[in-house]
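These are the residues of each chain, in order.
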Amino acid sequence: MKYSIILLLLIVSLSNLSAQETLSLEQCRQKALEANKGLKMAGEKRIENENLQKVAFWQMLPKVGATGGYTWMEKSVQLLSEDQKDRLNNLGNNVQEGVEQAIREETSSIPFVGDLIGDALSNVLNNTNFSSTLNGVGQDICNGLETDTRNTAFGVITLTQPIYLGGRLLALYKTARLLNHLSGIEYDKKREETLIAIDEAYWQVVSVKHKKELAENYAALLDSLNKNVEALMEAEMATKGDLAKVRVKLNEAQMSLTKATNGLTLAKMLLAQRCGMPLDSDFDVEETTPALNSYCKDSIDMESVWQNRSEMKMLRISDSVARQGVRLAAASLKPNIAFTGGYLFSNPNLFNGFQNEWGGTWMAGVAVNIPILHPGAIYSVKAAKAKRREIAYQIEEAQDMIELQVNKVKAELDLAFKKYEQAKSNLIQAEENLRLADESFKAGMCSSSDLMAAQTAWISAKSEVLDSEIEIAMNNTYLKVACGDSER
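Reading the values: the criteria
- Residues numbered from 1 in each chain as written.
- Predicted model: local features only at pLDDT ≥ 70, side-chain atom pairs only at ≥ 80, totals over all residues.
- Heavy atoms only, no water.
- Axes fitted to C-alpha atoms, helices over the stretch in contact; angles between N-to-C directions.
- Helix = DSSP H or I, 4+ residues; strand = E, 2+ residues; numbered from the N terminus.
- Parallel < 35°, antiparallel > 145°, perpendicular 65-115°, else oblique.
- Left-handed = near helix turned anticlockwise from the far one by under 90°.
- Contact = heavy atoms within 4.5 Å.
- Pairing = 2+ DSSP bridges.
- Core = buried A, V, L, I, M, F, W, Y, C linked by side-chain atoms within 4.5 Å.
- Buried < 20%, exposed > 50% of the residue type's maximum accessible area, 1.4 Å probe, protein only.
- Patch = residues over 30% accessible without salt bridge, like charges linked within 9 Å, V, L, I, M, F, W, Y side chains within 5 Å.
- Areas by Shrake-Rupley, 256 points an atom, 1.4 Å probe, with all protein chains shown as cover.
- Salt bridge = Lys/Arg side-chain N within 4 Å of Asp/Glu carboxyl O.
- pLDDT = per-residue confidence, 0-100.
- Phe/Tyr/Trp six-rings, centres within 6.5 Å; stacked < 30°, edge-to-face > 60°.

**Considerations on the packing of helix α2 (residues 25-35) against helix α8 (residues 168-234)**
- Running from amino to carboxyl end, α2 crosses α8 at an angle of 135 degrees, the nearest separation of the two axes being 9 Å. As the angle between them shows, α2 and α8 are arranged oblique. Helix-helix and strand crossings are classified by hand; for α2 and α8 the assignment is right-handed. Where α2 approaches α8, its residues L25, C28, R29, A32 and L33 are matched on the opposing element by R191, T194, L195, I198, D199, Y202 and W203.

Here it is in structure tokens:
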């Protein structure tokens, strides 16, 4: 039972130790990149534009489609009227009557034997199958022209190939390709913004954490001083006023420690939020010191900066898109030519006397459209050209703003280095002053106020060194971004 309790306590202590995760700057960056929703949206936008580019490409290739249908009608289509049908069905009788009448008219003019010849010829016609034969022919023709279109099925397979559409399709493809490239730049820009935000939050935690440690050290120093002054009072070597001053400072130090603790909690919450972790996550950051190397400390080539900055890349792509917009607008004033071909089939067979069978035929053609009067398209071209001139002015303005930004950040980085050198010098002096004040106080050669002043100066100098280190690190990052260096 005793060993079971010890084992249980050991497991609990180990789980408490492993509950707090220690994160490095690179780990925070990776978590932020995985959790940032804006970055995910930019990634989906890039996928969308990649597929739109493929859509624009396929617009230039042949399209094959199929259409089919079925129709039921109460009545069939009639190619002959009822009177025409009646005449065809009695074709032989009508012809025979006409022939007999013509014979009698011709033979009636013959003297003496005309009537006999007419009767003889009429008997010959009546004794043959002339009328019945022609009646059968008429009925066959009538039946052949009878269509059974009450149930109709049809289908067509078509192929369409644009030949020339005024340059519209090529301009659309180039525009889609440019927009795809633009979405990639926007993704990289969003990634850079995410990394800057996580760097700021990370170094804020490091700064507040060190300040909390300084506040703890300062409170411990004042607590020790408070005990020493209490001992001196008992030896009647210090007054109540000295003790009151120490306790006031001790209360102030404890209040500063409380503020630093709360500030550390809030800073960790911000870092956790940007890393995609729960706000109440229990973690710590590595005890790191920012790199103090200066980036691009010498002269800066602005031409290179303008080429590398994502904003300038986006504006240049926008200019190219505007140029394609001019071509798209001008395409409305140019002729359009397209080739079409396909296969048409139907039942009844339209190509074999409307027989109840499937039949079809190949077909091919060329369609041409020539604009004659399109004044609106002319104004569209003028508007597109004005848009491109507007972007050109935006590029010039962006160059001026970027140059100003680079010089400003570079000046801030140089100032941060000077502040760091001054802060280091102040810290060395403050440490020496604190050492001398502590020795003098122990020797009874200076008051507690002097010692507290030396302690305060040391804490302040220590904090300034840390702040200047973080300021150098962040300004170094800002200058990299301002110079268009995205390799991080």
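**Observations regarding the pairing of strand β5 (residues 336-347)**
- Note: strand β3 (residues 151-164) against β5, 11 bridges, orientation antiparallel. From the neighbouring strand, Q161 faces β5, where its bridge partner is F339.
- One ladder, built from 11 bridges, connects β5 with strand β6 (residues 359-369); its direction is antiparallel. Opposite S346, over in β6, you have G359 as the bridge partner.

**Structural notes on the nonpolar core**
- In this structure, L225 and V406 are the most contacted members of the largest nonpolar core, which totals 46 residues.
- For this core, the secondary-structure elements that each account for two or more residues are α8, α9 (240-274), α10 (302-308), α11 (310-331), α12 (375-442) and α13 (448-482).
- By residue number, the principal contributor to this core is α12, which donates 16 residues.
- Core analysis: the next-biggest nonpolar cluster, separate from the first, contains 23 residues, L23, Y202, W203 and F283 among them.

**Things to note about the sheet that holds strand β2 (residues 63-72)**
- Strand order in the open sheet formed by four strands is β2-β3-β5-β6, and the pairing between neighbours is antiparallel. Looking at which strands have only one partner, the edges of the open sheet turn out to be β2 and β6. Across the sheet, the mean angle separating the axes of adjacent strands is 20 degrees when strand polarity is ignored.

**Details of a nonpolar patch on the surface**
- On the surface, a cluster of nonpolar side chains totalling about 1,100 Å² of accessible area is made up of V64, I157, L159, I163, Y164, F339, V366, V368, I370, I372 and L373.
- If you list the elements that add at least two residues to the nonpolar patch, you get β3 and β6.
- Classification of I163 as exposed rests on a relative accessible area of 52%.

**Some points on the pairing of β3**
- Judged from the 10 bridges that link them, β2 and β3 form a sheet pairing that is antiparallel. Paired with K63 across the strands is T160, a residue of β3.

**Regarding the confidence of the model for the protein chain**
- Looking at the protein chain, the pLDDT average stands at 83 and 83% of residues meet or exceed 70.
- Scored below 50 in pLDDT, residues 1-18 makes zero contacts in the model with residues more than four places away or belonging to other chains.

**A few points about the packing of aromatic side chains**
- In the structure shown here, the tally under the stated rule is six aromatic pairs.
- Considering the side-chain rings of F57 and W58, the 6.2 Å spacing of their centres and the 80 degrees angle between planes classify their relative orientation as edge-to-face.
- What makes F57 partly exposed here is its relative accessible area of 36%.
- Each ring, one from F57 and one from Y173, has its centre 5.9 Å from the other, and the planes form 55 degrees; the classification is tilted. You can see F57 sitting in helix α3 (residues 37-58) and its partner Y173 sitting in helix α8, a full 116 residues away along the chain.

**A short note on unusual backbone geometry**
- Omega for the peptide link from N347 to P348 comes to 10 degrees, which places this bond in the cis form.
- Positionally, P348 belongs in the loop between β5 and β6.

**Examining the pattern of salt bridges**
- Throughout the structure, instances matching the rule amount to 20 salt bridges.
- A salt bridge links D223 to K227, with the nearest nitrogen and oxygen atoms 3.7 Å apart. Linking D223 with K227, this pair stays in helix α8, spanning four residues, or about one helical turn.
- Of the charged contacts, one joins K419 and E471 as a salt bridge, the two residues approaching to 2.9 Å between their closest N and O atoms.

**Points about the side chain of Q53**
- In this fold, Q53 is placed in helix α3.
- Ignoring any residue separated from it by four or fewer positions in sequence, one finds Q53 in contact with Y173, A176, R177 and N180.

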